[in-house]
Amino acid sequence: MRLRNITGSREVIAESAWVVQEAIQPECPGTWKKMFGNDSPIHIEIGMGKGKFIHTMAKEHPDVNYVGIEKYSSVLLRAVQKMEQEELPNLKFLRMDAEDIAKVFAAGEVDRIYLNFSDPWPKDRHARRRLPSREYLARYDIILKKGGMLEFKTDNRALFDFAVEELEPAGWKAEVITYDLHGDKALMEGNVMTEYEEKFSGMGNPICKYVIYR
């Protein structure tokens, strides 16, 4: 679900010191550790929504650098507002389409990728647009370091089944697959919930998750 357009959101984002601006993005591949000023691992969330998950992760793991990626200005604005309330030195944002992800990160530059409650694009003709599709997995394969992991969570069982079916043709393997994350005590250790996860799990919807690698 998309938030309505918020007047002035683009202007706020264009002036934010926490957002890597579009003019700079072509220079980003291979420079992220320099931008953060350290050699810590790089973790990214694609389609971060309002930023609750990645902001919490960055706060709890100061030894990791986080980059939140969101396409819509009106949604990214909420994440920027969280940073205004509590600034974190190990968190930056990108406003961009995930289709261009390999243009802003160098080969093997990313240590972990998070996909949380992604748009299901339910019509078959839009399957290529789904973030856990084989087309997107091929993009992630470029930027993810050897031994890196990708984590995906959703309450949408149809989308999750699709995502699992995409693994073999895309050349990825699963380390973990669960259809009831909140029923697994081991997997719930350290689990950070997104806004949607809180909402849907509160409604009794089981949360699906996988952790995959190449």
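Residues numbered from 1 in each chain as written. Predicted model: local features only at pLDDT ≥ 70, side-chain atom pairs only at ≥ 80, totals over all residues. Heavy atoms only, no water.

## Observations regarding the overall build of the protein
Move 1: Along the protein, the regular secondary structure elements total 8 helices and 8 strands.
Move 2: Taking 2.2 N^0.38 as the reference for a compact globule, 214 residues should give roughly 17 Å; the C-alpha atoms of the protein span a radius of gyration of 16 Å, in line with that estimate.
Move 3: Dimensions of the protein along its principal axes, counting C-alpha atoms only, are 40 × 35 × 35 Å.
Move 4: Nonlocal contacts in the protein, meaning residues at least 24 apart in sequence, comprise 76% of its contacts between residues at least 6 apart.
Move 5: With the model as given, the accessible surface of the protein reaches about 11,000 Å², and the carbon-plus-sulfur share is 49%. (Helix = DSSP H or I, 4+ residues; strand = E, 2+ residues; numbered from the N terminus. Rg over C-alpha atoms; globule rule 2.2 N^0.38 Å. Contact = heavy atoms within 4.5 Å. Areas by Shrake-Rupley, 256 points an atom, 1.4 Å probe, with all protein chains shown as cover.)

## Examining unusual backbone geometry
Move 1: Phi at phenylalanine 117 is positive, roughly 50°, even though this residue is not glycine.
Move 2: Along the chain, the position of phenylalanine 117 falls in the loop between β5 (110–116) and α5 (134–143).
Move 3: Take phenylalanine 117: its relative accessible area is 10%, and that puts it in the buried class.
Move 4: At tryptophan 121, a position not held by glycine, the phi torsion is positive, near 40°. (Buried < 20%, exposed > 50% of the residue type's maximum accessible area, 1.4 Å probe, protein only.)

## A short note on helix α8 (residues 195–202)
Move 1: Two or three places before tyrosine 196, at the start of α8, stands the capping residue threonine 194, its side-chain oxygen 3.3 Å from that residue's backbone nitrogen.
Move 2: At the exit of α8 stands glycine 204, carrying a positive phi of roughly 95°. (Polar contact = N/O pair within 3.5 Å; in protein donor to acceptor, adjacent residues only side chain to side chain.)

## Side note on the nonpolar core
Move 1: Among the nonpolar cores identified, the biggest contains 36 residues, and Ile44, Ile46, Phe105, Ile113, Tyr140 and Leu150 are the most heavily contacted of them.
Move 2: Listing elements by their share of this core, those giving two or more residues are α2 (32–36), β2 (42–46), β3 (65–70), β5, α5, β6 (144–154), α6 (157–170) and β8 (208–213).
Move 3: For this core, the element with the most residues is α6, which contributes 5 residues.
Move 4: Leave out the neighbours within four places in its chain, and tyrosine 140 touches Ile46, Ile113, Leu115, Leu131, Leu150 and Trp172.
Move 5: Ranked by size, the runner-up nonpolar core spans 19 residues in total, among them Val19, Ile54, Leu76 and Leu91. (Core = buried A, V, L, I, M, F, W, Y, C linked by side-chain atoms within 4.5 Å.)

## Some words on the packing of aromatic side chains
Move 1: Summed over the entire model, instances satisfying the criterion amount to 10 aromatic pairs.
Move 2: Plain terms: the ring middles of phenylalanine 53 and tyrosine 114 are 5.1 Å apart, the flat faces sit at 65° to each other, and that makes the pair edge-to-face. Of this pair, phenylalanine 53 sits in helix α3 (residues 52–60) while tyrosine 114 sits in strand β5, and the two are 61 residues apart along the sequence. Take phenylalanine 53 and tyrosine 114: they sit in the same class, and that class is buried.
Move 3: An aromatic cluster is defined as three or more aromatic residues linked by ring pairs; in this entry it consists of Phe152, Phe160, Tyr179 and Tyr210.
Move 4: Stacked on the ring of tyrosine 136, the Lys or Arg arginine 139 has its end atom at 4.5 Å from the ring centre.
Move 5: Seen from the ring of tryptophan 172, arginine 214 lies directly overhead, with NZ or CZ sitting 5.5 Å from the centre. (Phe/Tyr/Trp six-rings, centres within 6.5 Å; stacked < 30°, edge-to-face > 60°. Lys NZ or Arg CZ within 6 Å of the ring centre and 35° of its normal.)

## What to know about the sheet that holds strand β4 (residues 91–95)
Move 1: The 8 strands lie next to each other as β1-β4-β3-β2-β5-β6-β8-β7, forming an open sheet whose pairing is mixed. The strands lining the two open edges of the sheet, one partner per strand, are β1 (19–20) and β7 (173–178).
Move 2: Bridge analysis of β1 against β4 gives 2 bridges, and the strand direction is parallel. Among the inter-strand pairings, valine 19 is bridged to a residue of β4, identified as phenylalanine 93.
Move 3: Contacts from α6 reach β6, β7 and β8, with the element oriented near 20° to β8. (Pairing = 2+ DSSP bridges. Axes fitted to C-alpha atoms, helices over the stretch in contact; angles between N-to-C directions.)

## Some details on the pattern of salt bridges
Move 1: Here the structure, examined in full by the defined rule, presents 14 salt bridges.
Move 2: For the salt bridge of lysine 59 with glutamate 86, the shortest nitrogen-to-oxygen distance reads 3.1 Å. Taken together, the residues span a long stretch of sequence, with lysine 59 in helix α3 and glutamate 86 in the loop between α4 (73–85) and β4 at a distance of 27 residues.
Move 3: Its salt-bridge partner being arginine 157, residue aspartate 161 comes within 2.9 Å of it at the nearest N-O pair. Here the residue aspartate 161 and the residue arginine 157 both occupy positions in helix α6, the gap between them amounting to 4 residues, near one helical turn.
Move 4: Accessibility expressed as a relative area gives 27% for aspartate 161, which makes it partly exposed.
Move 5: With a relative accessible area of 45%, arginine 157 lands in the partly exposed category.
Move 6: Connected through shared salt-bridge partners, Arg112, Glu151 and Lys209 make up one network. (Salt bridge = Lys/Arg side-chain N within 4 Å of Asp/Glu carboxyl O.)

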